[in-house]
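Summary of structural features
If you want the building blocks of each chain, they are given just below.
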Amino acid sequence: MGMPAKDTARLREKPTPGATIPGRMDIPRWLSHVGRRLSGPTGIYSLMEDLGQALERGSPETIMMGGGNPGHVPAAEAVWRRRLGEMLAEPGLVEATLGDYDGPQGRRRFLVAVAEFFRRQCGWDIGPEHVTVTTGSQTGSFMLLNLIAGDDRETGRQRRVLFPIVPEYIGYADQLLCDGGLVGRRPLIEERGPHRFKYHVDFGGLSLDDDLAAVCLSRPTNPSTNVVAHDELERLSEETRRVGALLIVDNAYGLPIPGIVFPPTPMPAWRDHMVMTFSLSKLGLPATRTGIVIGAPELVRRLAAMTAVVGLANPSIGQAIVEPLLRSDEILGLCRDHIRPFYAARCQQTLEWIDELMGSDVAYAVHEPEGAFFLWLWLPRLSISDRELYARLKARGVLVVPGSYFFAGLDQEWTHARQCLRISYGQPPERVRRGIELLAEEARKAQRV
Ligand code: PLP
């Protein structure tokens, strides 16, 4: 049913000067400070817009190496189909899954299955009171970061979250409702051969203090794929505990599920100041919007309370699909035998194409690929900004993510931040190869001599 013509005309009207902030015709008077931050031109919005448009148009010309949509792994898709069939056959399950709100913490039987899975597989001493579901990890980190960072009314001081290795996940950058609550630290860069490098935590430059609410990192890190080494994580955990802060580890691509980690890496031991976040998205279920947070019961209870305020409850469908796969440990075999090998093979192939197509005349280095499903490319002789290179590639039908979006929280300019791109390789291989060809051409043209 269409809108009456008068109403649509009103929607098209230009805002009158009185409806905008004096001197800023582009900012409506009704927009709050927080509203401006959340609805402004953020990196994550641009990335998700690119992704949505490319997938919706199904445009054969666009080569989607930008947003982090998982690839379509046939063995995983077969399991989801099978599970949907089993769910249809189980009396009352579809009705309960679609027709009932869950409690804000999540479905009790899912919470129990998650806790038992981690007890069994990782030796973590946790129960369902340590687990909460969130509407995707993205919403989970929004709630978590705002739960812990910001002004502390008791002390008048500001509690901050520190990223020990920046570049760090683009999706955190605009999530805090307070100003200045995110701080980042540059990593040390280890050069490994002519075309590879690796980031390390610079413990000398961390300077953790009592105002710290948490240290937060994704592992593998989005965008670099860096898997912070076990001993570095242990040291971070110890130093974080010493100042009374939390250690947040975002395992969206990590262990044990979906387990897209290439070097052999042990699971960390459970500690009470840890907050471990997981997601069903990179298993291949992003549309179910299911995140999982494991933390101390007090933190979990507060996150569940926030879920009620923000959204009442979480989607149930992902929990229902995955619960029996956790109970039987089938999920581990799926990750080990299909999901990880799928991305490891794509990664290897993409790396070979980069080395072949960049040739000897483009100065480039790729971060040691340690997991996830993208590569982090550094072009140290780039004569234009990463955003300009992104725009040139977009004009040629190739979508990547400009690297500078991933450098939130640094207090000083860093040239490196304008010389990197993140390129995803989850799409069909022939398209990825064509994308690299075009990327190599543009990188060559944009190189300082
Ligand atoms: N954390 C990291 C490191 C990510 O890369 C992503 C998505 O790409 C997320 C969290 C959010 O994932 P979701 O909200 O789909 O669970």
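These numbers were taken from a predicted model, which means no experiment stands behind them.

What follows deals with the confidence of the model for the protein. Residues shown with low pLDDT carry predicted positions that ought not to be read at fine detail. For the protein, per-residue confidence averages 92 on the pLDDT scale, and residues scoring 70 or more make up 94% of the total. Predicted confidence is poor over residues 1–13, with pLDDT under 50, and the contacts of this stretch with residues over four places away or in other chains come to 2 contacts.

Moving on, we get to the site of the ligand. The local shell around the ligand holds 13 residues, among which S137, N222, D250, S279 and S281 are the closest. K282 is positioned with one of its side-chain polar atoms (N or O) 2.8 Å from an oxygen atom of the ligand. One of the side-chain N or O atoms of R289 is found 2.8 Å from an oxygen atom in the ligand. The fraction of the free accessible surface of the ligand (400 Å²) that becomes covered by protein chains is 92%. Among the elements that line the shell around the ligand, the one with the most residues is helix 7 (residues 136–148), at 3 residues. Among the residues making up the shell around the ligand, the classes are represented as 3 nonpolar, 7 polar and 3 charged.

Close contact between helix 12 (residues 386–395) and helix 13 (residues 429–445) brings their axes to 10 Å; oriented N to C, the two are set at 135 degrees. It follows from the interaxial angle that helix 12 and helix 13 lie oblique. The chirality of how helix 12 crosses helix 13 is right-handed. Contacts between helix 12 and helix 13 involve L389, R392 and L393 on the former and, on the latter, L438, L439, E442 and A443. Considering only residue class, the contact of helix 12 with helix 13 consists of 5 nonpolar, no polar and 2 charged.

Turning our attention to the domain arrangement of the protein. By the assigned domains, the protein splits into domain 1 (43–74 + 334–445) and domain 2 (101–332). With centres defined by C-alpha atoms, the gap from domain 1 to domain 2 works out at 24 Å. Opposite the 42 residues of domain 1 that make contact, domain 2 presents 49 residues. Overall, the association of domain 1 and domain 2 removes approximately 3,900 Å² of surface from exposure, summing both partners, and the carbon and sulfur fraction of that is 62%. Counting the surface domain 1 buries against domain 2, the share from its top three residues, H367, E370 and F406, is 18%. Scanning the region where domain 1 abuts domain 2 turns up 3 salt bridges. Taking the shortest distance from any N to any O, the salt bridge between D355 and R196 comes out at 2.6 Å. Run the count over domain 1 and domain 2 and you get 28 residue pairs in polar contact (both at pLDDT 80 or more). Taken together, the elements giving at least two residues each to the side of domain 1 that touches domain 2 come down to helix 3 (43–57), helix 11 (330–358), strand 14 (365–367) and strand 15 (374–378).

About the criteria used
- Residues numbered from 1 in each chain as written.
- Predicted model: local features only at pLDDT ≥ 70, side-chain atom pairs only at ≥ 80, totals over all residues.
- Heavy atoms only, no water.
- pLDDT = per-residue confidence, 0-100.
- Contact = heavy atoms within 4.5 Å.
- Near = heavy atom within 4 Å.
- Polar contact = N/O pair within 3.5 Å; in protein donor to acceptor, adjacent residues only side chain to side chain.
- Areas by Shrake-Rupley, 256 points an atom, 1.4 Å probe, with all protein chains shown as cover.
- Helix = DSSP H or I, 4+ residues; strand = E, 2+ residues; numbered from the N terminus.
- Nonpolar A, V, L, I, M, F, W, Y, C, P; charged D, E, K, R; others polar.
- Axes fitted to C-alpha atoms, helices over the stretch in contact; angles between N-to-C directions.
- Parallel < 35°, antiparallel > 145°, perpendicular 65-115°, else oblique.
- Left-handed = near helix turned anticlockwise from the far one by under 90°.
- Domains from an automatic or database assignment.
- Buried area = accessible area lost by both parts, 1.4 Å probe.
- Salt bridge = Lys/Arg side-chain N within 4 Å of Asp/Glu carboxyl O.

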